[in-house]
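Chain and residue survey
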Amino acid sequence: MKFTLSWLREHLETGATVDELRQRLTMLGLEVEGVDDRAAKLDGFITAHVVEAIQHPNADKLRVCKVDTGKGIVQVVCGAPNARTGMKGVFAPPGTHIPGTGLDLKPGKIRGEASDGMLCSERELQLSDSHDGIIDLPADTPIGLPAASVLGLDDPVFEIKVTPNRGDALGVLGVARDLEAAGVGRRKAPDFAKVPGTYASPIRWTHDGGEAALKSCPIVVGRHFRGVRNGPSPAWLQKRLRDIGLRPISALVDITNLATFDLGRPLHVFDAGKLAGDLVMRRARAGESIVALDGRTYELDGSIAVIADAKAVHGIGGVMGGEETGVSEATTEVFLEVAYFDPISVAATGRRLGINSDARYRFERGIDPDSVWWGAEVAARLILQLCGGEASELVSSGAMPAWQREYTLRPDRVRTLAGIDVPAAAQKDILAKLGFTVGGGGGPWTVAVPSWRPDIVGEADLVEEIVRVHGYDGLDAVSMPRDSSVSRPVRTTEQRRVPFARRALAARGLTEAMSWSFMDEALAGAFGGVGPDLKLLNPIASDLAVMRPSILPNLLQACGRNDARGLRDPALFEVGPQYKDATPTGQRWVAAGVRYGRGAPRHWSGAERGVDAFDVKADALAALAAIGAPVDNLVTQTKAPGWYHPGRSGALVLGDRPLAYFGEVHPDVLARLDLRGPAAAFEVFLDAAPPVRAKATKTRPALKLSPFQPVERDFAFVVDAGVASENLARAARAADRAMITAAQVFDVYAGKGVADGRKSVALSVVIQPVEKTLTDAEIEAICAKVVAQIAKQTGGTLRG
């Protein structure tokens with residue numbers, strides 16, 4: 001929301017400075033985002049008279065000018081083609097900063113002639129892009145005056161940030177009302193006097209569609225004008241609109257824009273000569289469309305309120321008018337629309353059609369319903385003043401919505417709710433200046449809410465109004481009392497494990513992501529699906545309609561977006577909740593991650609490869625180890641969910657409890673997400689690992705490395721093809737836990753020399769002496785234990 005200082009002063013008698021207004025507006029909740037003080041940028045520039053302009057003796061395209069600045073004559077060398085004797089222009093003395101070029105002006109010589117200043121163009125003053133010549137002021141312009149005031153640029157432009165509940169502050173009138181209540185000035189009463197009509201309107205309003213039409217637009221008022229002249233608006237109106245960034249169009253259109261920003265009252269005018277009979281407020285019908293004032297064609301449906309005549313739709317209710325019946329210079333008959341539209345209906349229409357307009361911005365935040373009456377009078381007065389003609393009597397349809405409401409306010413609630421002492425008389429004064437009516441003597445009071453404040457819905461809102469106007473700087477800084485009976489929130493086991501999992505995954509080179517807790521309902525079906533209790537009632541987007549049953553879809557989509565933008569081989573993880581149902585136990589904290597593309601970059605030492613299940617298995621084990629899970633006791637099983645590739649995935653299980661899933665992502669899932677892959681993923685369940693038990697310990701000597709050389713022995717066992725290789729390594733380590741420190745599979749073979757349905761698994765076993773060097777017999781005894789243990793647990797036999 002923008003306005004100039006002079007515009008504000010048309011509604012508010014005040015001598016407050018720009019800085020005072022900036023500070024007070026922000027304290028009132030109307031945060032000032034910026035003040036464009038163009039006069040400050042042009043400080044030092046003055047009007048001047050070119051007494052003489054002659055040809056430069058050493059340059060064909062330069063002139064030597066004698067310039068009267070009001071304080072004496074100076075010489076300026078100028079290259080502008082329009083520099084001439086007798087003209088008035090804008091002069092910059094030495095030391096002036098030129099905003100258009102960023103240079104600080106210095107005296108000097110140009111082609112041998114002294115130049116002590118500069119005659120400026122509009123581009124050099126950042127007034128426009130024009131650089132064809134210097135600024136040519138009217139002949140009667142006094143000299144020696146600040147250029148900003150002569151050019152009409154000494155009027156600072158405020159830009160404020162208005163919160164969604166303060167639709168009344170989207171007009172200068174509402175801003176002035178707040179400032180008056182804060183004691184910054186005295187508000188001037190706006191002229192809402194009735195303009196008598198001289199004839200009956202040939203166009204009337206009706207509603208069609210019963211309750212649906214009345215719900216979208218409870219009341220609409222109109223007025224016909226004839227004999228109008230729609231030329232350019234006067235200079236003062238054009239300047240006012242340009243100052244806030246609007247382009248003047250014509251007198252009639254500029255009047256509607258002025259009312260929108262001045263009073264927060266959107267208006268629309270139809271060329272009455274282009275209408276076919278009366279206007280009706282209704283819902284759109286199937287197949288209807290409209291070419292709007294932005295030149296685009298919009299397809300309409302039955303949820304959209306429209307304004308139509310007997311032939312076609314000519315306006316989208318509360319959003320934008322139609323191009324076909326827009327006014328032009330040839331317009332002589334006008335029909336004025338002044339309507340009150342339901343905020344929710346306007347917001348839904350604007351969102352559905354993707355239209356952002358000044359009208360929509362105000363209607364969806366709630367305007368003053370009573371403004372349908374005084375808005376028609378204000379508009380009529382401006383049209384008659386600027387365009388001539390005569391006005392008809394008012395016509396209307398519908399009924400005023402029931403906006404009247406009262407709330408009880410206890411004066412002491414300001415202190416108990418906000419912690420600020422505001423005298424009762426000051427409370428009443430603030431509310432009265434904001435437009436509230438207060439009755440009830442010493443209290444409790446009965447406070448009637450004005451029509452322009454739909455955001456006030458109870459006593460707490462009234463307290464907030466008093467406090468924000470009085471000032472939050474009156475709030476004393478008081479420490480909260482310490483209450484030993486109040487315990488600190490207890491963190492769950494999985495929440496305590498979150499930072500450990502994060503650090504472990506980041507250390508493995510994955511980048512942490514933060515994604516929505518919502519996802520597309522159809523995609524959720526590929527990851528376990530969701531029940532009806534996890535569907536959002538009011539989703540922020542159609543593809544974010546349910547709570548996520550898994551974090552992986554969001555991470556996979558993020559990897560795809562990164563890859564599409566040239567950020568190759570992304571590796572992402574997220575630690576957060578995923579949802580099974582709406583019960584207290586239906587939310588699980590999960591550390592999930594995705595590796596996408598290549599598992600190792602291209603290198604001369606070997607061929608590149610794609611990510612695989614072993615990459616993400618290592619990630620999952622690192623996260624489990626970081627949260628204290630007993631990784632040495634985990635068993636790998638092939639029972640990962642359906643979104644993993646069968647045969648290339650697994651589950652890390654403790655007993656019968658899965659602690660993590662890992663593996664390559666199923667090709668069907670990649671195809672559904674339009675990802676080229678390859679992709680591998682993991683999910684670590686932070687609540688599944690057993691708690692780490694603290695054990696009573698004795699003081700132990702420092703750990704020493706064994707001085708004895710380890711012994712490594714290789715074995716090859718023939719086992720059934722269905723036996724997991726990991727089981728052999730586990731059995732080998734269990735054969736002698738004191739001496740065997742490692743057992744690792746290094747080869748698996750099936751084929752010639754091995755019976756069908758069988759495979760050969762080769763193990764490397766490390767035996768680490770601790771107290772002495774082992775003899776051959778002792779080593780052979782340990783090897784025999786390994787063979788016996790593997791035979792007992794897996795049925796494996798040594799391969800001959």
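See the structure shown above.
Residues numbered from 1 in each chain as written. Predicted model: local features only at pLDDT ≥ 70, side-chain atom pairs only at ≥ 80, totals over all residues. Heavy atoms only, no water.

1. A short note on the overall build of the chain
When helices and strands are tallied, the chain shows 21 helices and 44 strands. Scaling as 2.2 N^0.38, a compact globule of 800 residues should have a C-alpha radius of gyration of about 28 Å, whereas the chain reaches 40 Å, well beyond that. Overall, the chain is about 120 × 80 × 65 Å in size when its C-alpha atoms are taken along their principal axes. Counting over 800 residues, the chain shows a buried share of 47%. Taking all contacts inside the chain whose residues are at least 6 apart in sequence as the whole, residues at least 24 apart take part in 69%. In the form shown here, the chain has an accessible surface area of approximately 39,900 Å², with 52% of it arising from carbon and sulfur atoms. (Helix = DSSP H or I, 4+ residues; strand = E, 2+ residues; numbered from the N terminus. Rg over C-alpha atoms; globule rule 2.2 N^0.38 Å. Buried < 20%, exposed > 50% of the residue type's maximum accessible area, 1.4 Å probe, protein only. Contact = heavy atoms within 4.5 Å. Areas by Shrake-Rupley, 256 points an atom, 1.4 Å probe, with all protein chains shown as cover.)

2. A few points about the nonpolar core
Across soluble globular proteins, nonpolar side chains show a tendency to be buried alongside one another. F3, L25, I160, L179, L300 and F335 are the most contacted members of the largest nonpolar core, which has 110 residues in total. Of the residues forming this core, the biggest block, 9 residues, is contributed by helix 11 (residues 371-387). If we ignore the near neighbours within four places in the chain, the residues touching L179 are L8, L12, L21, R24, L25, L28, V184 and G185. In this structure, V498, A558, A620 and L659 belong to the second largest nonpolar core, which totals 58 residues. (Core = buried A, V, L, I, M, F, W, Y, C linked by side-chain atoms within 4.5 Å.)

3. Comments concerning the pairing of strand 22 (residues 313-316)
The two faces of the sheet receive side chains in turn, since in a regular strand these alternate between them. Relative to strand 22, strand 21 (residues 305-308) is paired through 3 bridges, and the arrangement is antiparallel. Paired with I307 across the strands is G315, a residue of strand 22. Hairpin connection from strand 21 to strand 22: 4 residues lie between these consecutive antiparallel strands. Relative to strand 23 (residues 320-321), strand 22 runs antiparallel, the two sharing 2 bridges. Bridged to I316 within strand 23 is M320. Following strand 22, the chain reverses through 3 residues before pairing antiparallel with strand 23; G318 in that reversal takes a positive phi of roughly 75°. (Pairing = 2+ DSSP bridges.)

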